[in-house]
Structures are given as C-alpha cells and as structure tokens.
Amino acid sequence: DTAVSQTPKYLVTQMGNDKSIKCEQNLGHDTMYWYKQDSKKFLKIMFSYNNKELIINETVPNRFSPKSPDKAHLNLHINSLELGDSAVYFCASSQGPFDNNEQFFGPGTRLTVL
Amino acid sequence: AQKVTQAQTEISVVEKEDVTLDCVYETRDTTYYLFWYKQPPSGELVFLIRRNSFDEQNEISGRYSWNFQKSTSSFNFTITASQVVDSAVYFCALSDLIYNQGGKLIFGQGTELSVKP
C-alpha cells in the first residue's frame, strides 16, 4: 500500500546505455513529477505531468524522455547515459498542479553510471 | 526570480538541545507556499509542513515549530529538545502561482542536522 513507488531502487549501468525508471502512485493524484538530487543533495525539478500532459520541462537534455501512460504512472527513460547523470531520481505526486498542495515523494532511484 | 536559501549547511547539536534551521526565500509573487521536508539517512523525503503566504501564524507540532515572517522573507524551523532520530537533511521549499506554473517546488540547499547522544 505504498503511496508513491519507484523501480528500481538502485541502477548501475555503463555509459552510453539506455535505461528506464518506473513510477506509480495510488493516491489518485492528477499531477506527477520527476526531481533529480545531485551528489551535493541539491534537488531540482525535471518534469511535471498533469493528467498525462507535460506541463513542466526544466531544460532537461532531450536524452531524458518522460512518459505517462495514465495519470497514475510517470516513467523516465534516459538514452545514452553519461557520467553526469549519476544521481538520485525522485518521483512525486500531488493532487493538482495549481493548488500547491504537498507533494508526496517516492523512495528514490539511485542511478550510478560507470 | 524564485530562490530559497538555507545558509546553514551543517549543524551539530547534542541531544536535548534546541536547534533552529533557517530558511530565507525570494519571490515576486504575492501568493506562494512554503514547505519543509525531512530526508533521513534512509533517503526518502518526508513532508513536514506547508504554509501559505497569507497565514503568518506560527505553527507548533509536538517538538517542531515554525516561524513565518513575511517582513524578513523567512520561514524558520525549530526543533525543541532534539533527539538522535531528528538527524537528517532538512529542506525548505517554495512554490508560487504566477511564476511557477505547474506546482514545482524550488528547494533550498538543505541543512544537515546531526544530533549526537
């Protein structure tokens, strides 16, 4: 009965590979997000989707492609992985994009690119 | 521009001490929301509080209290009688309406609190 879940929890891969991270929320929320936390713990928004529509794209390289098959899922696909992509990626959800309610975060996916 | 500054990178206290984590924010919007999140060593992000810009009342929840002052653009967080379990990284975050469509959170750099027994 986890509210926001992500798989996998850890991902170790080689440079140049393509990988995906999956996120699901069972809170009935309309809006989902991807955040990146770098090695200095700094958290920054990457994408936001509302009812499967992209509403925020924070100048993320186009090697990163989010996909939302339905409003309960927001997956993140990364092509041609680079060393600098190593980070913890957090998925989050909230009731809506414009009501500024609290965001519920998943447990994070630690991506290591070798 | 929107910005959140947590000037204290690391704080170390001994158990039972009170500790205040500072947060200063910048926004041009008159309607905005401030948040605190806790990230314990296990890594998850735990929501602590949300406060809107029209509500300057201080809030207390058990050993936690928050002081919101619009005059100084600050939203400080105090832990009273700290415990080892309070050891974590604490993030202050801002979300506004006009300049921040989509509900994204602008996070501060985080303050790592270490409570020693």
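Residues numbered from 1 in each chain as written. Chains lettered and ligands numbered in written order. Predicted model: local features only at pLDDT ≥ 70, side-chain atom pairs only at ≥ 80, totals over all residues. Heavy atoms only, no water.

J.: Please clarify how the overall build of chain B should be interpreted in this entry.
T.: In terms of helices and strands, chain B carries zero helices and 12 strands. Taken from N to C terminus, the helices and strands of chain B fall in the order β-β-β-β-β-β-β-β-β-β-β-β. Rg of the C-alpha trace for chain B: 14 Å, near the compact-globule value of 13 Å for 117 residues, within the 12% margin. Evaluated residue by residue, chain B yields a buried proportion of 50% over its 117 residues. Here the analysis covers contacts within chain B between residues at least 6 apart in sequence; of these, 57% occur between residues at least 24 apart. With the model as given, the accessible surface of chain B reaches about 5400 Å², and the carbon-plus-sulfur share is 49%. Charge separation in chain B, taken as the distance between the mean sites of 10 positive and 14 negative side-chain charges, equals 3 Å. (Helix = DSSP H or I, 4+ residues; strand = E, 2+ residues; numbered from the N terminus. Rg over C-alpha atoms; globule rule 2.2 N^0.38 Å. Buried < 20%, exposed > 50% of the residue type's maximum accessible area, 1.4 Å probe, protein only. Contact = heavy atoms within 4.5 Å. Areas by Shrake-Rupley, 256 points an atom, 1.4 Å probe, with all protein chains shown as cover. Lys, Arg positive; Asp, Glu negative; His and termini not counted. Charge placed at Lys NZ, Arg CZ, Asp CG, Glu CD.)

J.: What am I meant to see in the interface of chain B and chain A here?
T.: Where interface size is given, it is often the accessible area lost as the parts come together that is meant. Between chain B and chain A, the residue contacts involve 21 residues of the former and 21 residues of the latter. For B:Lys104, the salt bridge goes to A:Glu58, with nearest N and O atoms at 2.8 Å. Residue assignment for the side of chain B that touches chain A shows that the elements contributing at least two residues are strand 5 (32-39), strand 6 (46-52) and strand 10 (88-96) of chain B. By residue class, the composition of the side of chain B that touches chain A is 10 nonpolar, eight polar and three charged. (Salt bridge = Lys/Arg side-chain N within 4 Å of Asp/Glu carboxyl O. Nonpolar A, V, L, I, M, F, W, Y, C, P; charged D, E, K, R; others polar.)

J.: Sorry if this is basic, but what is going on with the pairing of strand 12 (residues 111-116) of chain B here?
T.: On a regular strand, one side chain projects to one face of the sheet and the next to the other, so that they alternate. Residue and element names in this part refer to chain B. Of the two faces of strand 12, the one holding Thr111, Leu113 and Val115 is buried and the one holding Glu112, Ser114 and Lys116 is not buried anywhere. Where strand 2 (residues 10-14) and strand 12 come together, five bridges link them in parallel fashion. The partner of Ile11 across the bridge, within strand 12, is Leu113. Sheet topology note: the strand 10/strand 12 ladder contains three bridges and is antiparallel. Its bridge partner lying in strand 12, Tyr90 is registered against Thr111. (Pairing = 2+ DSSP bridges.)

J.: How should I be thinking about the sheet that holds strand 1 (residues 4-7) of chain A in this particular structure?
T.: Within a sheet, each strand pairs with its neighbour through backbone hydrogen bonds, oriented either parallel or antiparallel. All names here are of chain A. Pairing is antiparallel across the open sheet formed by four strands, whose spatial order is 1-3-8-7. Both edges of this open sheet fall to strand 1 and strand 7 (64-70), since each of them pairs with a single strand only. Across the sheet, the axes of successive neighbouring strands diverge by a mean angle of 20°, strand direction being ignored. As paired strands, strand 1 and strand 3 (residues 19-25) are joined by four bridges and run antiparallel to one another. Within the sheet, the bridge partner assigned to Ser5 lies in strand 3 and is Glu24. (Axes fitted to C-alpha atoms, helices over the stretch in contact; angles between N-to-C directions.)

J.: What is the right way to look at the packing of aromatic side chains in this model?
T.: Evaluated as defined, the whole model comprises 19 aromatic pairs over all chains. Judged by centre distance (5.3 Å) and plane angle (50°), the rings of B:Trp36 and B:Phe77 are tilted. Of this pair, B:Trp36 sits in strand 5 while B:Phe77 is found in strand 9 (residues 74-79), placing the two residues 41 residues apart along the sequence. You'll find B:Trp36 and B:Phe77 in the same group, each marked buried. Chaining the aromatic ring pairs together yields one cluster made of A:Tyr33, A:Tyr35, A:Phe90, A:Phe105, B:Phe35, B:Tyr37, B:Phe47, B:Phe91 and B:Phe107. (Phe/Tyr/Trp six-rings, centres within 6.5 Å; stacked < 30°, edge-to-face > 60°.)

J.: Which parts of the structure should I look at to understand the side chain of B:Ser53?
T.: Residue and element names in this part refer to chain B. Within the fold, Ser53 resides in the loop between strand 6 and strand 7 (59-61). Ser53 gets classed as buried once you look at its relative accessible area, which sits at 0%. From its side chain, Ser53 meets the backbone oxygen of Thr30 in a polar contact 3.0 Å long. If we skip the residues at most four places from it in the chain, Ser53 touches Thr30, Thr31, Tyr32, Phe68 and Lys70. (Polar contact = N/O pair within 3.5 Å; in protein donor to acceptor, adjacent residues only side chain to side chain.)

J.: What should I look at first to understand the state of the cysteines in this one?
T.: Any covalent bond linking the sulfur atoms of two cysteines counts as a disulfide. Summed over all chains, the structure comprises two disulfides over all chains. Each disulfide pairs two cysteine sulfurs, and for A:Cys23 the partner residue is A:Cys91, the sulfurs being separated by 1.8 Å. Between A:Cys23 and A:Cys91, the S-S dihedral sits near -75°, and the bridge is therefore left-handed. Taken as a pair, A:Cys23 in strand 3 and A:Cys91 in strand 9 (residues 87-94) lie far apart in primary sequence, 68 residues in all. A:Cys23 gets classed as buried once you look at its relative accessible area, which sits at 2%. For A:Cys91, a relative accessible area of 0% translates into the label buried. Between the sulfur of B:Cys23 and that of B:Cys92 lies a disulfide, 1.9 Å long from S to S. The sign of the S-S torsion, about -65°, decides the handedness of the disulfide formed by B:Cys23 and B:Cys92: left-handed. Within this pair, whereas B:Cys23 is found in the loop between strand 3 (19-21) and strand 4 (24-26), its partner B:Cys92 is found in strand 10, the two being separated by 69 residues in sequence. Comparing B:Cys23 with B:Cys92 shows no difference in burial state: the two are buried. (Disulfide = S-S within 2.5 Å.)

So yeah, pure geometry; function would need other evidence.
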